[in-house]
Structure formats: structure tokens, C-alpha cells
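# Fold and contact review
This is what each chain is made of:
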Amino acid sequence: MELKKMLKRQRSFFESGTSRDLEYRRSALLKLKKNIKNNEEAIIDALREDLGKSPFESYETEIGMVYQEISYMLKHLRRLSAPKRVGTPLSCFPAVSRIYPEPYGVVLIMSPWNYPFQLTMVPLIGAIAAGNCAVVKPSAYSPAVSALVKKILSEIFSESYVCVVLGGREENRELLEMKYDYIFFTGSKAVGKQVMKSAAKSLTPLTLELGGKSPCIVDETADIPMAARRIVWGKFLNCGQTCVAPDYVLVHQKVKERFLKAVVRNIEALYGESPLESRDYGKIINEKHYDRLSAMLEGETPYYSCGTDRENCRIGPVVLSDTSWNDKVMEEEIFGPILPVIGFDDLNRIKEQISAGPRPLALYLFTRSGETQRYVIRNIPFGGGCINDTIMHLSTDRLPFGGIGESGMGSYHGRYSFRTFSHEKSILKRGQMIDVPLRYPPYGEKLKWLKLFLK
């Protein structure tokens, strides 16, 4: 594919105004939903091939979330697209102020391998709903899903509207050398920096959805059995390869041992005594990441471990009970099925430790104390999270999802996706019957009157 020619065709198509038409957007979303329905089994098979996901997990965390996003956009598209009248200050009298959402134009969407279907389609849905054309670049690390994404989209959309580009680093490099009107990237911090550097050359606006070490705090008032069950589910979902997975647990010393035992019970309850044999437990994406995770465990004596299988890129759940802040496993985002547990007895010190590092994408707190909830929310910066649960804030299209600082910039889901892919054009329409002379020279003694309007 000649990428420059493709991009030129997309610009011509966007300039034709077709993608801006509300009914065209609606029709595109309906076509997408129908073709996903037609390919559900193939999507599930591809996710099993790339990541070892079960059919339930594939629908729960990928396909179902895509349907939910399409349904939201179809229901709210007219309202989201309509100009919005806002108040006008007295200093502008007589006038009316409105905000007109308009698409950016041609957008580049670069998606990762860990949720390769959902994290490709959900941003695309926002881009389509807002009236853009899109170049979609799925990850080379999830080849089965990426090929299927190309098939699904090419069957219903022309390349001048939505184009899928497959390939690896060379294709990424070539794509980032071209000029877009917006870039949406989901992936690692290292690649995110490269994307931002490329965008800076042409001052292209962008959203970065990255990751980081998302803490989970369990205090002495928490419901330990429930906390353990929800943390085990959130941590080992997709074999730990989730950007908002609890990276490590900070548990109060008074309940640490009880928590550790509850974690082990719940691992075995969810995945059996041999998780590597469970059809509900996934695999590591490739040998490179398998070896990276194995290196993290060198010199560690796990509290709980249930085996590995390098040939099939599988690592069973691992729990570390004697972790310190200086251990190798705490140096970078784990992004795998390793759960370090650190005891604490002073919430203030925990706040200082977390705040001393990069701001996390997510934070989870298990407590019955309203005072503790207020303290954590007010004093620790993070992208978003849950109280007494994990991951689930990601599942609602009523909340914006995004990071802060090194965990990302910008947000999406639901109306926030529409806003991300739209420029809000501000228009002040002045009346012509009256022209208040206050603003015009000579100013003379007008300052005292100006102060009545602007104060």
C-alpha cells in the first residue's frame, strides 16, 4: 500500500463532507455493529490464538465493550453533534454564544496487543461518530486479531474512509512521518514518547493512553474475602496483561497474612489448583514478554507459584509476600501475572511513596472507612480507579478513562470519546440593533463604567 496516496485519498474524502453527514455516521456505526456480529466467533477464535482468552473473557472485556460503545453513540449521536448554546457575559451584550463540535479530519489510531480488538474499535467508534476519517494501525504482536480487524473494516468501509495498515516497526515509523489532524495512541510509555515526538514536529494534537504501576491499597477495615476475590480477578484477567491491572498491593500489616491466604484461596477457586490447565486462564503474548517477566522473578521466593510453560508462553499466578520498594519487580510496570504484596502501617507514608513515583493510571482502595476514602482521593493523584473493586471503572461509558502525567493524557469512552475526536468551535454572534459605545475610544471617564461589567 502506498501510504501517502492513501492519506491523500482520505483527505479528499473528508473534504467532500460525506463523513460529516449525521446519517452517514449512523449508517457506518450500524454497519460496523452488524459485521462484528457476523464475525463474533472468528473474533473469539483470534483472541484465543493470540492471548489464550476464553470465550467469556473475550466477550466480557472486548466484544461486549465495543457493542456498548456503539450503542451509546447511536443513542446520543444527534445530541452530541448538535451546537450547544452557552451563557454570554453582559460585557458582550447583545450576543448569543454557541459551541459547534466539528471533526478534526483524518485521524491516526494506533492500538496495542493486550486488548487488540476492544482498544482498536472503541477509539475508532469515537472517531467515526465525530465525523472523521481514520487510519487504523493494530499491533503486530497480535497478528490473528489484527488480520481480522482489517477484514471486518475493509468489508464495510472504503480505504478513503477507514483504512487498516498492518505491519510492525517500519510501518509505524512510516505512518508517523506523515501529517494527521489527530493521533490516538494506546501502548507503552516508551513508544508513546516516540509518538509524541513525531506529533510535535507538525504540532498535531494527540491522546496518549499509556500505563504504569497502579497501586491497590487494602486497609485494616476492608472486607478481606471480597477484596482478595476482586483483586485476584482484576490482576490475573488476561494473564495480568491489562494496563489498569493492580500492579502491586499495599495491605495493612494487621490483615496481611489473612489477605495472602485469601488471595491463594481465590486463585484456586477461579482457576483451579493447576491454573495452567484452566481454559479460563490466558497466556503471555510472546517469548520476549515471557522472558521479561521471568527475569523479574530471579532471586525471589514466591509465597505462591503454580508453574510455567515457556514453550506455550504461560506463567501461572505468582504472589510475592516479602516485597520491598527497592525490589526489581517494583522498578517498572509488571504487565503480567505477578502480584507483589507490601505491608504498611501508616497511610501517610504510603501516600508519600506513591506520590514520589510517576502518577499511576489507576488506583484501587479497599476500605470501609469514609475518612480513608476521602484522604486517598484528595491526596494521591492518579488517572481513575475504584473503591472496593478493581478494573470496573473501565467498563462504564459514563466515566472518562485516561491517565495523568506519565500514565497518559486525554480521555475517552462515551461522550468523552466524541469530545476527544472533535474540535469545539466557539462562535459569538453579536446583535446589530445596538452597538454599546463603551469599548471604543476616546475612553475618557469610561473606566468606572467598564469596572461595573468586568469584576
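The structure contained in this document is the topic of the report that follows.

Rules used in this analysis
- Residues numbered from 1 in each chain as written.
- Predicted model: local features only at pLDDT ≥ 70, side-chain atom pairs only at ≥ 80, totals over all residues.
- Heavy atoms only, no water.
- Core = buried A, V, L, I, M, F, W, Y, C linked by side-chain atoms within 4.5 Å.
- Buried < 20%, exposed > 50% of the residue type's maximum accessible area, 1.4 Å probe, protein only.
- Helix = DSSP H or I, 4+ residues; strand = E, 2+ residues; numbered from the N terminus.
- Contact = heavy atoms within 4.5 Å.
- Axes fitted to C-alpha atoms, helices over the stretch in contact; angles between N-to-C directions.
- Parallel < 35°, antiparallel > 145°, perpendicular 65-115°, else oblique.
- Left-handed = near helix turned anticlockwise from the far one by under 90°.
- Salt bridge = Lys/Arg side-chain N within 4 Å of Asp/Glu carboxyl O.
- Patch = residues over 30% accessible without salt bridge, like charges linked within 9 Å, V, L, I, M, F, W, Y side chains within 5 Å.
- Areas by Shrake-Rupley, 256 points an atom, 1.4 Å probe, with all protein chains shown as cover.
- Phe/Tyr/Trp six-rings, centres within 6.5 Å; stacked < 30°, edge-to-face > 60°.
- Lys NZ or Arg CZ within 6 Å of the ring centre and 35° of its normal.
- Polar contact = N/O pair within 3.5 Å; in protein donor to acceptor, adjacent residues only side chain to side chain.
- Pairing = 2+ DSSP bridges.
- Nonpolar A, V, L, I, M, F, W, Y, C, P; charged D, E, K, R; others polar.
- Right-handed = clockwise from strand over helix to strand, strands pointing away.

This brings us to the nonpolar core. One finds Ile36, Phe117, Leu153, Val218 and Phe259 to be the most contacted residues of the largest nonpolar core, which totals 137 residues. Considering every element that reaches this core, the biggest residue donor is helix α4 (residues 55-81), with 10 residues. When residues no more than four places from it in sequence are discounted, the contact partners of isoleucine 36 are Ile43, Ile63, Val66, Tyr67, Ile70, Phe117 and Ile152.

Moving on to the packing of helix α2 (residues 22-38) against α4. In contact at an axis separation of 10 Å, α2 and α4 are set at 165° when each is read in the N-to-C sense. For the element pair α2 / α4, the angle class is roughly antiparallel. Crossing hand, α2 versus α4: left-handed. Contacts from Leu22, Glu23, Arg25, Arg26, Leu29, Leu30, Leu32, Lys33, Ile36 and Lys37 in α2 reach Ile63, Val66, Tyr67, Ile70, Ser71, Met73, Leu74, Leu77, Arg78 and Ser81 in α4.

Moving on, we come to the pattern of salt bridges. Side-chain pairs of opposite charge can arise whenever the charged atoms involved come near each other. Within this structure, the stated rule accounts for 17 salt bridges. The shortest N-O distance in the salt bridge between arginine 173 and glutamate 177 comes to 2.4 Å. By relative accessible area, glutamate 177 is classed as exposed at 56%. Between arginine 368 and aspartate 223 there is a salt bridge, with the nearest N and O atoms lying 3.9 Å from each other. Of this pair, arginine 368 sits in the loop between β15 (362-366) and α13 (370-379) while aspartate 223 sits in the loop between β8 (215-218) and α9 (224-236), and the two are 145 residues apart along the sequence. Using a relative accessible area of 58% as the deciding quantity, one classes arginine 368 as exposed. What emerges from the salt-bridge pattern is a single network uniting Glu170, Arg173 and Glu177.

A cluster of nonpolar side chains, Leu90, Phe93, Met433, Ile434, Val436, Leu447, Trp449, Leu450, Leu452, Phe453 and Leu454, forms an exposed patch at the surface whose accessible area comes to about 1,200 Å². Take methionine 433: it is sitting in the loop between β18 (422-430) and α15 (447-453).

Before going further, it helps to examine the packing of aromatic side chains. Using the criterion set out here, one finds 13 aromatic pairs in the structure. Here phenylalanine 13 and tyrosine 24 contribute two aromatic rings whose centre-to-centre distance is 6.1 Å and whose plane-to-plane angle is 55°, an arrangement assigned as tilted. On the criterion of sequence distance, the pair formed by phenylalanine 13 in helix α1 (residues 3-15) and tyrosine 24 in helix α2 is long-range, its members being 11 residues apart. The exposure class assigned to phenylalanine 13 is buried, which follows from its relative accessible area of 16%. Within the aromatic cluster, the residues linked to one another by ring pairs are Tyr104, Tyr182, Phe184, Phe401, Tyr412 and Phe421. The positively charged end of lysine 37 is found above the aromatic ring belonging to tyrosine 67, 4.6 Å away from the centroid.

Attention shifts here to the environment of glutamate 2. Tracing the chain through its elements places glutamate 2 in the segment before α1. Remark: the alpha-carbon pair of glutamate 2 and threonine 242, spanning 240 residues in sequence, is separated by 34 Å.

All right, on to the side chain of serine 19 then. Within the secondary structure layout, serine 19 lies in the loop between α1 and α2. For serine 19, a relative accessible area of 0% gives the class buried. In terms of polar contacts, serine 19 uses its side chain to reach the backbone carbonyl oxygen of glycine 131, at 2.8 Å. Once residues within four sequence positions are removed from consideration, serine 19 is found in contact with Phe13, Phe14, Tyr24, Arg25, Gly131, Asn132, Cys133 and Tyr161.

Next up on the list: the pairing of strand β2 (residues 95-103). With 3 bridges joining them, strand β1 (residues 84-86) and β2 adopt antiparallel strand pairing. By the bridge assignment for β2, valine 86 is matched with serine 97. For β2 and β18, the ladder comprises 9 bridges, and the chain directions are antiparallel. When the bridges of β18 are listed, arginine 98 appears paired with isoleucine 427.

Here the focus is the packing of α4 against helix α5 (residues 118-129). It is the contact of α4 with α5, at a shortest axis distance of 9 Å, that shows an interaxial angle of 10°. Classified by the angle their axes make, α4 and α5 are roughly parallel. Residues Thr61, Glu62, Met65, Val66, Glu69, Ile70, Met73 and Leu77 of α4 touch α5, and the partners they reach there are Gln118, Met121, Val122, Ile125, Gly126 and Ala129. Broken down by class, the residue content of the contact of α4 with α5 amounts to 9 nonpolar, 3 polar and 2 charged.

Below, the discussion takes up the environment of aspartate 291. Within the secondary structure, aspartate 291 is located in helix α11 (residues 287-296). C-alpha separation for the pair aspartate 291 and lysine 8, spaced 283 residues apart in sequence, amounts to 42 Å.

To continue, consider the pairing of strand β4 (residues 133-137). By the criterion of burial, β4 is predominantly enclosed, with 5 of the 5 residues buried. Of the two faces of β4, the one carrying Cys133, Val135 and Lys137 and the one carrying Ala134 and Val136 are both buried. Bridge count between strand β3 (residues 106-110) and β4: 5 bridges; the pairing is parallel. Residue pairing for β4: valine 106 is matched across the bridge by cysteine 133. Read as a crossover between parallel neighbours, the route from β3 over α5 to β4 is right-handed. Strand direction decides the pairing type here: β4 and strand β5 (residues 162-164), joined by 3 bridges, are parallel.

Our next topic: the sheet that holds β4. Two pairing modes exist for strands in a sheet, parallel and antiparallel, and in both the strands are linked by backbone hydrogen bonds. Taken together, the 6 strands give an open sheet; going across it, the order is β5-β4-β3-β6-β7-β17, and neighbouring strands pair in mixed fashion. Strand pairing shows two members of the sheet lacking a second neighbour, β5 and β17 (408-409), which therefore form its edges. Along the sheet face, α5 touches β3, β4, β5 and β6 (182-186) and points at about 165° away from the line of β3.

A word on the sheet that holds strand β9 (residues 248-252). Read from one edge of the open sheet, 7 strands run β10-β13-β14-β9-β8-β15-β16, paired in mixed fashion. The sheet terminates laterally at β10 (304-305) and β16 (384-387), the two strands that pair on one side only. Across 4 bridges, β15 lies against β16 in parallel orientation. Looking across to β16, one finds that leucine 363 is bridged to glycine 385. Against the sheet, α13 engages β15 and β16, with an angle of about 165° to β15.

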